[in-house]
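Coordinate inspection notes
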Amino acid sequence: MAQQQETGVFRRDFSKAPVILSVDHISKSFKLPTEQATGLKQAAINWTRGIKGFRRLNVLKDISFDVHQGEFFGIVGRNGGGKSTLLKLIS
Ligand SMILES: Nc1ncnc2c1ncn2[C@@H]1O[C@H](COP(=O)(O)OP(=O)(O)OP(=O)(O)O)[C@@H](O)[C@H]1O
Ligand SMILES: [Mg+2]
């Protein structure tokens, strides 16, 4: 199972080990409130103008991966990239 590369680093092939975590086409978006209508009249005006009280923030789009038994995995990305959101969905 273990293969020594020219670099002296051992690489293992985990592809035949059982899958212990499977993330299958996960997406997540948040509804962020924008301007709040101050009353019924304003709400009606906003509605006729097509102004919605929220906008959608698409954080995760169609994420899929498997983790096999024995494998280590990490999630890397910029601030606000969605790492914590992904971990929450997994948990
Ligand atoms: N409950 C929530 N409601 C609205 N927006 C959210 C919520 N949780 C996270 N977000 C937004 O989703 C995006 C991803 O956030 P997340 O915390 O998952 O990123 P992160 O990769 O963990 O960031 P960091 O490196 O700063 O820890 C950010 O734009 C964040 O503002
Ligand atoms: Mg985080």
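Notes on the structure follow. Everything numeric in this text was worked out from a predicted model, so none of it was measured.

**Observations concerning the overall build of the chain**
- Each helix and strand counted, the chain has 2 helices and 4 strands in total.
- Ordered by position from N to C terminus, the α and β elements of the chain give β-β-β-α-β-α.
- Overall, the C-alpha framework of the chain stretches about 70 × 25 × 20 Å when taken along its three principal axes.
- Expressed as a percentage of its 91 residues, the buried residues of the chain come to 13%.
- In the chain, which carries 14 positive and 7 negative side-chain charges, the distance between the mean positions of the two groups comes to 16 Å.

**What about the packing of aromatic side chains?**
- Taken as a whole and assessed by the stated rule, the structure comprises 1 aromatic pair.
- The cationic tip of K31 hangs over the ring face of F54; the distance from NZ or CZ to the ring centre is 4.5 Å.

**Describing the site of ligand 1**
- Close to ligand 1 lie F30, L32, L57, V59, R78, N79, G80, G81, G82, K83, S84 and T85.
- Separating an oxygen atom of ligand 1 from a backbone N or O atom of G82 is a distance of 3.0 Å.
- One of the side-chain N or O atoms of K83 is found 2.7 Å from an oxygen atom in ligand 1.
- Coverage of ligand 1 by the protein chains reaches 58% of its 650 Å² of free accessible surface.
- Listing elements by their share of the shell around ligand 1, those giving two or more residues are β3 (19-33), β4 (54-68) and α2 (83-90).
- It is α2 that provides the largest number of residues to the shell around ligand 1, a total of 3 residues.
- Split by residue class, the shell around ligand 1 holds 4 nonpolar, 6 polar and 2 charged.

**What about the environment of I63?**
- Its place among the elements puts I63 in strand β4.
- Separated by 40 residues in the primary sequence, I63 and V23 have C-alpha atoms spaced 7.0 Å apart.

**Let's talk about the pattern of salt bridges**
- Enumeration over the complete set of coordinates arrives at 1 salt bridge.
- In this structure, D13 engages K16 in a salt bridge whose closest nitrogen and oxygen atoms are separated by 3.9 Å.
- By relative accessible area, which is 40% here, D13 ends up partly exposed.

**Digging into a nonpolar patch on the surface**
- Nonpolar side chains collect at one region of the surface, where F73, L87 and I90 lie side by side and expose about 250 Å² of accessible area between them.
- Take I90: its relative accessible area is 30%, and that puts it in the partly exposed class.

**Focus: helix α1 (residues 40-49)**
- Of all the 10 residues making up α1, 1 are buried; the element is thus mostly uncovered.
- A positive backbone phi angle near 80 degrees is found at G50, which sits one or two residues after α1.

Analysis parameters
- Residues numbered from 1 in each chain as written.
- Chains lettered and ligands numbered in written order.
- Predicted model: local features only at pLDDT ≥ 70, side-chain atom pairs only at ≥ 80, totals over all residues.
- Heavy atoms only, no water.
- Helix = DSSP H or I, 4+ residues; strand = E, 2+ residues; numbered from the N terminus.
- Buried < 20%, exposed > 50% of the residue type's maximum accessible area, 1.4 Å probe, protein only.
- Lys, Arg positive; Asp, Glu negative; His and termini not counted.
- Charge placed at Lys NZ, Arg CZ, Asp CG, Glu CD.
- Phe/Tyr/Trp six-rings, centres within 6.5 Å; stacked < 30°, edge-to-face > 60°.
- Lys NZ or Arg CZ within 6 Å of the ring centre and 35° of its normal.
- Near = heavy atom within 4 Å.
- Polar contact = N/O pair within 3.5 Å; in protein donor to acceptor, adjacent residues only side chain to side chain.
- Areas by Shrake-Rupley, 256 points an atom, 1.4 Å probe, with all protein chains shown as cover.
- Nonpolar A, V, L, I, M, F, W, Y, C, P; charged D, E, K, R; others polar.
- Salt bridge = Lys/Arg side-chain N within 4 Å of Asp/Glu carboxyl O.
- Patch = residues over 30% accessible without salt bridge, like charges linked within 9 Å, V, L, I, M, F, W, Y side chains within 5 Å.

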